[in-house]
Amino acid sequence: MTATATQPLTAAQAIETRRSIRKFVQEPIDQNDLREVLRLASLAPSAWNAQTWRFAVVQDPAIKEQLREAAYGQAQVTNAPAVIVVYSDMEDTLQTVEETAHPGMGEQGRTGQRATFDGAFGGLDVAQRGQWGLSQANIAFGFLMVAARSLGYDTVPMLGFQPDKVKEILGLPEHVQFAGLLPIGKRAEEGFPHHRHSIDRITKFY
Ligand SMILES: Cc1cc2nc3c(=O)[nH]c(=O)nc-3n(C[C@H](O)[C@H](O)[C@H](O)COP(=O)(O)O)c2cc1C
């Protein structure tokens, strides 16, 4: 199924045709499409609109090679034209939380947003509130895969890497937490057909 930024797949088509792709067409990714995929992912919801997710986009071959080493040599990291590193930065979120108040709510909204976050997270340590931030960033990670597919791109989500090494390579602070690496490009293989639990196996209806 083909798609472009001007003729995107529907959400259902994107979800249905997404599968993990580890071999990509060897061509650079269109930079406008890349930005559009990121923009769509940034529309993901988050509690109190915290938007804890941050993206690091790696297209430099030398840095991709370093990431591949940090990912136990997994070849899809260097095979993809770009790798989107999705992480949560809860400390940045807390320091700049007024930015996430809706402008329509004015100064009262900004003050309220600050009070909400200070109240909710002031008593937690960096790791505990980092975990909360990650739970929000994971939502954007999911949106990112569907947004990419809807614009005709393919991805493979990855958690098989050494976080400390990736932080060092990208110069990220110690406190950030990773949703995952996401190699992205155009598919050069079909991937595996879906194998999933049935709805009845995983659902209780009340
Ligand atoms: C959080 C997460 C981490 C994953 N880590 C890796 C990984 O490190 N390497 C890899 O090849 N695939 C990884 N996968 C891909 C899964 O194996 C794949 O999503 C799953 O088998 C379902 O296949 P599908 O994505 O083709 O539907 C990961 C998937 C998720 C969601």
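Note that the coordinates shown come from a computational prediction; the quantities given were computed from them, not determined experimentally.

Draft legend 1. Region of interest: the UniProt feature "domain: Nitroreductase" (unreviewed entry) in the chain. Annotation from UniProt places "domain: Nitroreductase" (unreviewed entry) at residues 15–186. With 48% helix and 14% strand, the stretch residues 15–186 has end C-alpha atoms that lie 16 Å from each other.

Draft legend 2. A look at the nonpolar core. The biggest cluster of nonpolar side chains holds 19 residues, and the ones touching the most others in it are V37, I84, L144 and I184. Within the residue set of this core, elements represented by two or more residues are helix 2 (31–41), strand 2 (82–88), helix 7 (126–150) and strand 4 (177–185). Among the elements that take part in this core, helix 7 stands out by supplying 6 residues, more than any other. Beyond its immediate stretch of four places on either side in the chain, V37 contacts L144, A147, A148, L151 and I184. Judged by nonpolar contacts, the second largest core, of 17 residues, contains A56, A70, V156 and V176.

Draft legend 3. The arrangement of the sheet that holds strand 2 in detail. Taken together, the 4 strands give an open sheet; going across it, the order is 1-2-4-3, and neighbouring strands pair in antiparallel fashion. Single-partner strands in this sheet number two, and they are strand 1 (53–58) and strand 3 (154–155). Here strand 3 pairs with strand 4 via 2 bridges, running antiparallel. Bridging from a neighbouring strand, D154 pairs with G185 of strand 4. Helix 7 rests against strand 1, strand 2, strand 3 and strand 4 of the sheet, and its axis sits at about 15 degrees to strand 4. The sheet strands contacting helix 8 (residues 163–170) are strand 1, strand 2 and strand 4, and the helix crosses strand 4 at an angle near 70 degrees.

Draft legend 4. Up close: the site of the ligand. Taken together, 13 residues lie near the ligand, and R18, S20, R22, Q74 and R196 sit nearest. Within the side chain of Q74, a nitrogen or oxygen atom sits 2.8 Å from a nitrogen atom of the ligand. A distance of 3.0 Å separates a nitrogen atom of the ligand from a polar atom in the backbone of L159. Here the residues of the shell around the ligand are counted per class, giving 4 nonpolar, 5 polar and 4 charged.

Draft legend 5. View of the packing of helix 2 against helix 7. Contact pair helix 2 / helix 7: the axes reach a minimum separation of 8 Å and the direction vectors enclose 140 degrees. Taken together, helix 2 and helix 7 sit at an angle that is classed as oblique. By crossing handedness, the relation of helix 2 to helix 7 is classed as right-handed. Residues V37, L38, L40 and A41 of helix 2 pack against A140, F143, L144, A147 and A148 of helix 7.

What counts, and at which threshold
Residues numbered from 1 in each chain as written. Predicted model: local features only at pLDDT ≥ 70, side-chain atom pairs only at ≥ 80, totals over all residues. Heavy atoms only, no water. UniProt positions renumbered as here; feature names shortened; annotations may be inferred. Helix = DSSP H or I, 4+ residues; strand = E, 2+ residues; numbered from the N terminus. Core = buried A, V, L, I, M, F, W, Y, C linked by side-chain atoms within 4.5 Å. Buried < 20%, exposed > 50% of the residue type's maximum accessible area, 1.4 Å probe, protein only. Contact = heavy atoms within 4.5 Å. Pairing = 2+ DSSP bridges. Axes fitted to C-alpha atoms, helices over the stretch in contact; angles between N-to-C directions. Near = heavy atom within 4 Å. Polar contact = N/O pair within 3.5 Å; in protein donor to acceptor, adjacent residues only side chain to side chain. Nonpolar A, V, L, I, M, F, W, Y, C, P; charged D, E, K, R; others polar. Parallel < 35°, antiparallel > 145°, perpendicular 65-115°, else oblique. Left-handed = near helix turned anticlockwise from the far one by under 90°.

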